[in-house]
Amino acid sequence: MSARWNSAVGAAQLARLLGSQQRTDTRTPAYRALAEGIRLLVLEGRVPVATRLPAEREFAAALSVSRTTVAAAFEALRAEGFLESRRGAGSWTAVPAGSPPPTRGLMPLPPESTGAVIDLACAALPAPEPHLAEAFRGALDDLAPYTHTHGDYPAGLPALRRALADRYTARGVPTMPEQIMVTTGAMGAVAALARLLAPQGRRIAVEHPSYANVLQLLRDSGARLVAVPMTAGLGGWDVPAWRGVLRESAPRMAYVVADFHNPTGALASAEDRRALVDAARSAGTVLVADETMADIAFDPDAGDPPPMASFDPGGSAVVTVGSVSKSIWAGMRIGWVRAAPEVVRRLVAARAFADLGSPVLEQLAVARLLTSGGWEAALADRSARAAANRDALVAALRRHLPDWEFQVPRGGLTLWTRTGGLSGSRIAEVAERFGVRVPSGPRFGVDGAFEGYVRLPFTVADPLADEAVGRLARAAALVAEGAATATDAPRSQVA
């Protein structure tokens, strides 16, 4: 690794991050406790890899310890591969050398394989029926006028743009159809925005952890990712950290999932949303708010916070991404962007060099759902199903893996789970031999963070949820015993 770093952490800031990690074993030497605290911050992504640490003397003063203690801690971290140093350049965080950690998102298994393997790699549910079929039957009735045209609508069908605009207006964000562009799923929306706002080599700020597929999409586009850690426990947005990153790194674009965050399931408060928008506006950063999970709420009477766009209704500082993939069905591949009209016009102009437009029939089906009451009915069924699946998964984890830690989310489709001190990557590897696929934590991080986590979507009901967690428990037991070879798992259970 070179001596270049992504960012630097100040002595006072690092001391604050370490402050919540109180020493409970006074027999542990102070330098070792300090080294373990920094190592945990790196593994959990709260201090990104390649972050320059403060000088020893400055850090010791912030911690009120001797410089000898800090020097010994840094030396221990260097020996373990969590710190690299160069004379005159300082020290920066690292991860131990070895096999590259997994980063790419898992591809869903083909449907014909699902009988042999429980696939928890994809956070998506089957279609809500009969609502989807009814929408497509209505769409066929609406299709005739469009078959007499060329069929290319780069901005989306006018009927769907109007229906989406009306829905935002009903949610308290006045919107014109000119502020909507229909895309090929949410991924198509994020890709189009990244091309427009942050051409190759530009910085993009992302939550840490964040959605694996978007992280890889941005990497492949040549973006320089600036990871912004979430709060302790990974349950919220560290607004001071966001202000610092946006001010110092000046990224052109920031990607945020404030509604039932993927993978943690966290929900940003109204205060945090307002503060994030204000910080982005002050830094000249466009905040891309991904609302893919927003509709999957289990307690609609709890008073969920307003949309991020409500703090910037004009759409110049906040661009919203939406999709039917989680709300209705991933097989439709319909998403959208809500932004200022000028941004939409620029996106549409650039689309000629990408995919030209989205399928007409699917757009008509989504418009039918939005205007016929089918959307609300489908969401009610979808949310009830997801909530029941969540409860089944949580009960199974508490039964089979009581030492695994997690926060039970109020919506969305994902549970971010700490694996009791074991390697999430090793558990995922061994679990696949037992016939269950899960994505390990590093897939949702930058540079090897979150090794002690796996993401578990609540997409299967009992008794399959209990069977899946039972298989995970057997895999975890093998990992705990140090098993590492394919012969450790019974071959009869391999998909």
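Higher on the page you've got the structure.
This report concerns the structure included in the present document. (Residues numbered from 1 in each chain as written. Predicted model: local features only at pLDDT ≥ 70, side-chain atom pairs only at ≥ 80, totals over all residues. Heavy atoms only, no water.)

What follows is about the overall build of the protein chain. Scanning the protein chain from N- to C-terminus turns up 15 helices and 15 strands. Relative to the compact-globule value of 23 Å for 495 residues, the protein chain shows a C-alpha radius of gyration of 24 Å, a close match. The principal-axis extent of the C-alpha atoms belonging to the protein chain is close to 80 × 55 × 40 Å. Across the 495 residues in the protein chain, those meeting the buried criterion constitute 53%. The contacts of the protein chain with a sequence gap of at least 6 include a subset with a gap of at least 24, amounting to 75%. Carbon and sulfur atoms make up 53% of the accessible area of the protein chain, which totals about 20,600 Å². (Helix = DSSP H or I, 4+ residues; strand = E, 2+ residues; numbered from the N terminus. Rg over C-alpha atoms; globule rule 2.2 N^0.38 Å. Buried < 20%, exposed > 50% of the residue type's maximum accessible area, 1.4 Å probe, protein only. Contact = heavy atoms within 4.5 Å. Areas by Shrake-Rupley, 256 points an atom, 1.4 Å probe, with all protein chains shown as cover.)

Moving on, we come to the packing of helix α6 (residues 158-170) against helix α12 (residues 360-372). At their nearest, the axes of α6 and α12 sit 9 Å apart, and the two run at 35° to each other. Of the two elements, α6 crosses α12, and the hand of that crossing is left-handed. Of the residues in α12, those in contact with Leu160, Ala163, Leu164 and Arg167 of α6 are Gln363, Val366, Ala367, Leu370 and Thr371. Taken together, the residues of the contact of α6 with α12 sort by class into six nonpolar, two polar and one charged. (Axes fitted to C-alpha atoms, helices over the stretch in contact; angles between N-to-C directions. Left-handed = near helix turned anticlockwise from the far one by under 90°. Nonpolar A, V, L, I, M, F, W, Y, C, P; charged D, E, K, R; others polar.)

Across all of its chains, the model carries 23 salt bridges by this definition. Here Arg39 and Glu36 are joined by a salt bridge, their closest N and O atoms 2.8 Å apart. Here Arg39 pairs with Glu36, and both are found in helix α2 (residues 30-43), just three residues apart, close to one helical turn. Residue class for Arg39 comes out partly exposed when judged on its relative accessible area of 25%. The closest approach of N and O atoms between Arg433 and Glu429, which form a salt bridge, is 3.8 Å. Taken together, the residues Arg433 and Glu429, both in helix α14 (residues 424-433) and four residues apart, mark about one turn of the helix. On the basis of relative accessible area, Arg433 is assigned to the buried category, the value being 11%. Here the salt bridges do not stand alone but share partners, grouping Arg32, Glu36, Arg39 and Glu80 into one network. (Salt bridge = Lys/Arg side-chain N within 4 Å of Asp/Glu carboxyl O.)

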